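# A look at the structure
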Amino acid sequence: MKLISSKEITRNRIFTVTEDHAIDPDGFEIRRAIVQHRGSAVMMPVDEKGRVLLIRQYRLPARQYLWELPAGTVDPGEKPLQTAKRELVEETGYRAKKWTKLAEFYPSPGFLNEKMTIYLAVELTAGTAAPMDDERIETRWFTGKEIDAMILSGTILDAKTNIGFLRWKRYAARRQRSRK
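Residues numbered from 1 in each chain as written. Predicted model: local features only at pLDDT ≥ 70, side-chain atom pairs only at ≥ 80, totals over all residues. Heavy atoms only, no water.

When its secondary structure is counted, the protein shows three helices and 10 strands. Reading the helices (α) and strands (β) of the protein from amino to carboxyl end gives β-β-β-β-β-β-β-α-β-β-β-α-α. Over its C-alpha atoms, taken along the principal directions, the protein stretches across nearly 55 × 45 × 35 Å. For the protein, the share of sequence-separated contacts (at least 6 apart) that also reach a separation of at least 24 residues comes to 56%. (Helix = DSSP H or I, 4+ residues; strand = E, 2+ residues; numbered from the N terminus. Contact = heavy atoms within 4.5 Å.)

With respect to topology, three strands assemble into an open sheet ordered E1-E2-E3, the strand pairing being antiparallel. Two strands lie at the open edges of the sheet, namely strand E1 (2–11) and strand E3 (29–37), each paired on one side alone. On average, each strand axis in the sheet is inclined to that of its neighbour by 20°, with strand direction left out of account. Alignment of strand E2 (residues 15–23) against E3, held across nine bridges, turns out to be antiparallel. The residue bridging His 21 from the neighbouring strand is Arg 31, located in E3. (Pairing = 2+ DSSP bridges. Axes fitted to C-alpha atoms, helices over the stretch in contact; angles between N-to-C directions.)

Moving on to helix H1 (residues 80–92). Given a rise of 1.5 Å per residue, 13 residues ought to cover 18 Å, and the 17 Å separating the end C-alpha atoms of H1 matches this to within 8%. If you check which residues of H1 are buried, you get Thr 83, Ala 84, Glu 87, Leu 88, Val 89, Glu 90, Glu 91 and Thr 92. Looking at the packing, one finds that the buried side of H1 touches strand E4 (40–45), strand E5 (52–59), strand E7 (71–73), strand E8 (95–105), strand E9 (116–125) and strand E10 (138–142). Looking one or two places after H1, you find Gly 93, whose phi comes out positive at around 85°. (Expected span 1.5 Å × (residues − 1). Buried < 20%, exposed > 50% of the residue type's maximum accessible area, 1.4 Å probe, protein only.)

For the rest of this paragraph, the subject is the nonpolar core. Residues Met 44, Val 52, Leu 54, Leu 120, Ile 147 and Trp 168 are the most contacted members of the largest nonpolar core, which totals 23 residues. Contributions of two or more residues to this core are made by E4, E5, E8, E9, helix H2 (144–153) and helix H3 (159–179). Looking at this core element by element, the count peaks at four residues for E9. Non-local contacts of Leu 120, meaning those with residues more than four positions away in its chain, are made with Met 44, Val 46, Lys 98, Trp 99, Thr 100, Leu 102, Trp 168 and Tyr 171. Counting residues in hydrophobic clusters, the runner-up holds 11 residues, among them Tyr 94, Ala 96, Trp 99 and Ala 121. (Core = buried A, V, L, I, M, F, W, Y, C linked by side-chain atoms within 4.5 Å.)

Further remarks concern H2. Every buried residue of H2 is accounted for by Gly 144, Ile 147, Met 150 and Ile 151. Looking straight down H2, one finds that the buried residues subtend no more than 125° of arc, so they occupy a single side. The outward face of H2, more than 90 degrees from its buried face, is lined by the exposed residues Lys 145, Leu 152 and Ser 153. (Arc of directions from axis to C-beta.)

We now examine a nonpolar patch on the surface. Together, Tyr 58, Leu 60 and Tyr 65 line one region of the surface with nonpolar side chains, adding up to about 330 Å² of accessible area. Tracing the sequence through the fold places Tyr 58 in strand E5. The exposure class of Tyr 58 is partly exposed, given its relative accessible area of 37%. (Patch = residues over 30% accessible without salt bridge, like charges linked within 9 Å, V, L, I, M, F, W, Y side chains within 5 Å. Areas by Shrake-Rupley, 256 points an atom, 1.4 Å probe, with all protein chains shown as cover. Salt bridge = Lys/Arg side-chain N within 4 Å of Asp/Glu carboxyl O.)

Attention now moves to the pattern of salt bridges. Opposite charge on two side chains permits them to pair, given that their charged atoms come into close proximity. Taken as a whole, this structure holds 13 salt bridges when the rule is applied. Taking the shortest distance from any N to any O, the salt bridge between Arg 51 and Asp 47 comes out at 2.6 Å. Classification of Arg 51 by relative accessible area gives partly exposed; the value is 25%. Classification of Asp 47 as buried rests on a relative accessible area of 10%. One salt bridge connects Lys 101 with Glu 104, and the closest N-O pair in it is separated by 3.7 Å. Given the relative accessible area of 47%, Lys 101 is considered partly exposed. Bridged by salt links that share partners, the residues Asp 75, Glu 78, Arg 86, Glu 87 and Glu 90 form one connected network.

Okay, structure coming up:
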């Protein structure tokens, strides 16, 4: 597929929308409005008891409060891990000594080029959160069993939290098998 044109339609501090036109060697054409996004880092803070720290905030596009893993947009010049470390402190006040990549994925590749990277954050130290002016964040620790039940009941609707939790369960199970 070859990109023929890309025209900026609008821009704000988080993303740009372009009207793109592409064609493949057989002449098949695609025209699409695309949300161009720098990517996001997602943090899965897990304490020594195996509990996961989730945040709850109002998500205007969803028109509701959501429980989710903390996350933030990659700033220009940052790598996703740098973003994860910065955002964990900003949103929760916690710092982690050990980071492990759990997953990378495109949340909605039909119109959005954002890539999300999820990191497991362990060996945590508490501190003071410093959320952005437009964020009002509640934090709470949940057991794996509680999160599993929340996903099954539809209480957790956020894709990154579903993916992160399932990858973490697989990662933890694999680590347990390798210790035997």
